[in-house]
Amino acid sequence: MAFRLGGRSRKWFLLGHIVSAALWFGVDIALGVLVLTAILTDDPQTAGTALQAVRMFAIWPMFGASVATLATGVVLGLGSKYGLVRYWWVAVKLATNLLMSFLIAGSLRPGVDEAARIGRGLVAGGVSEVPTDLLAPVIVAPTLLVIAFVLSVFKPRTRLTARRS
């Protein structure tokens, strides 16, 4: 027998889910602003400072927000009629969150460390080229989060699992 969240508990978990997802989205947008600033500016000092700033918050705050979103989403899924894999839109959100969390910790971290190293070189005047490796993540991640937001609001009714009688 599955547990069900009570009304008040559900609201608190839903609030936590919304706030952590919004925080994640905000960090992604800030990362995008810094990366685009570094790429588009003609001033090496500005580019270098922007690249160094990326390292300050891009990994752990983003990863923490993704884990908080995942944890609250799992509790909401298990404690509500939607389940974790009963509806395809919940399964898509779960898979997207797991994939993005893994990519933050595994793939984005080395790129951010390299960008910070290049940023230090730009500020010192020794490096003149700004990397564009971080451009794809700052486009893909917010796009995937917006898709997850849309799925959360519109909740397509198609089920993955058959309804129990």
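Every residue gets a number counted from 1 within its own chain, in the order that chain's sequence is written. Local features in this predicted model are restricted to residues of pLDDT 70 or higher, and side-chain atom pairs are both shown and tallied only at a pLDDT of 80 or more, whereas totals for entire chains, interfaces and linings draw on every residue. Side-chain measures were taken over the full set of non-hydrogen atoms in the model, leaving aside hydrogen atoms and water.

> Could you clarify how one ought to interpret the overall build of the chain in this entry?
Each helix is a run of H or I in the DSSP string that is no shorter than four residues. Each strand is a run of E no shorter than two, and both are numbered from the N terminus. Each helix and strand in the chain was counted, giving five helices and zero strands. If one aligns the C-alpha atoms of the chain with their principal axes, the spans along those axes are about 70 × 25 × 25 Å. Counting over 165 residues, the chain shows a buried share of 35%. In the chain, the proportion of contacts linking residues at least 24 apart, taken out of those at least 6 apart, comes to 79%. Note on areas: these come from Shrake-Rupley sampling with a 1.4 Å probe, and a residue is covered only by the protein chains present in the view. When the accessible surface of the chain is totalled, it reaches about 9,600 Å², and 68% of it is carbon and sulfur. Counting 16 positive and 7 negative side-chain charges, the chain places the centres of these two groups 33 Å from one another. Burial classification: accessible surface area is computed with a 1.4 Å probe over protein chains only, and a residue below 20% of its type maximum counts as buried, one above 50% as exposed, and the rest as partly exposed. Only heavy atoms enter the contact rule, under which two residues are in contact if any of them lie within 4.5 Å. When charges are counted, Lys and Arg are positive and Asp and Glu negative, with His and the chain ends excluded. Charged side chains are reduced to one point each, which is NZ for Lys, CZ for Arg, CG for Asp and CD for Glu.

> Whenever I open this one, the packing of helix 3 (residues 60–78) against helix 4 (residues 88–124) confuses me. Can you help?
A pair of packed helices is characterised by two quantities: the angle between their axes and the separation of those axes. At a minimum axis separation of 10 Å, helix 3 and helix 4 run at an interaxial angle of 160 degrees. The pairing of helix 3 with helix 4 is recorded here as roughly antiparallel in orientation. The hand of the helix 3/helix 4 crossing is left-handed. Residues Trp60, Met62, Phe63, Ser66, Thr69, Leu70 and Val74 of helix 3 form the contact with helix 4, whose own contacting residues are Leu94, Asn97, Leu98, Ser101, Ile104, Ala105, Leu108 and Arg109. Three residue categories are used. Nonpolar comprises Ala, Val, Leu, Ile, Met, Phe, Trp, Tyr, Cys and Pro, charged comprises Asp, Glu, Lys and Arg, and polar comprises the others, including Gly. Its residues placed into classes, the contact of helix 3 with helix 4 shows ten nonpolar, four polar and one charged. What counts as an axis is a line fitted to C-alpha atoms, over the stretch in contact for a helix, and the angles between N-to-C directions run from 0 to 180 degrees. Note on angle classes: values under 35 degrees are labelled roughly parallel, values over 145 roughly antiparallel, values of 65 to 115 roughly perpendicular, and the remainder oblique. Whether a crossing is left-handed or right-handed is set by the direction in which the near helix is turned from the far one by less than a right angle, anticlockwise for left-handed and clockwise for right-handed.

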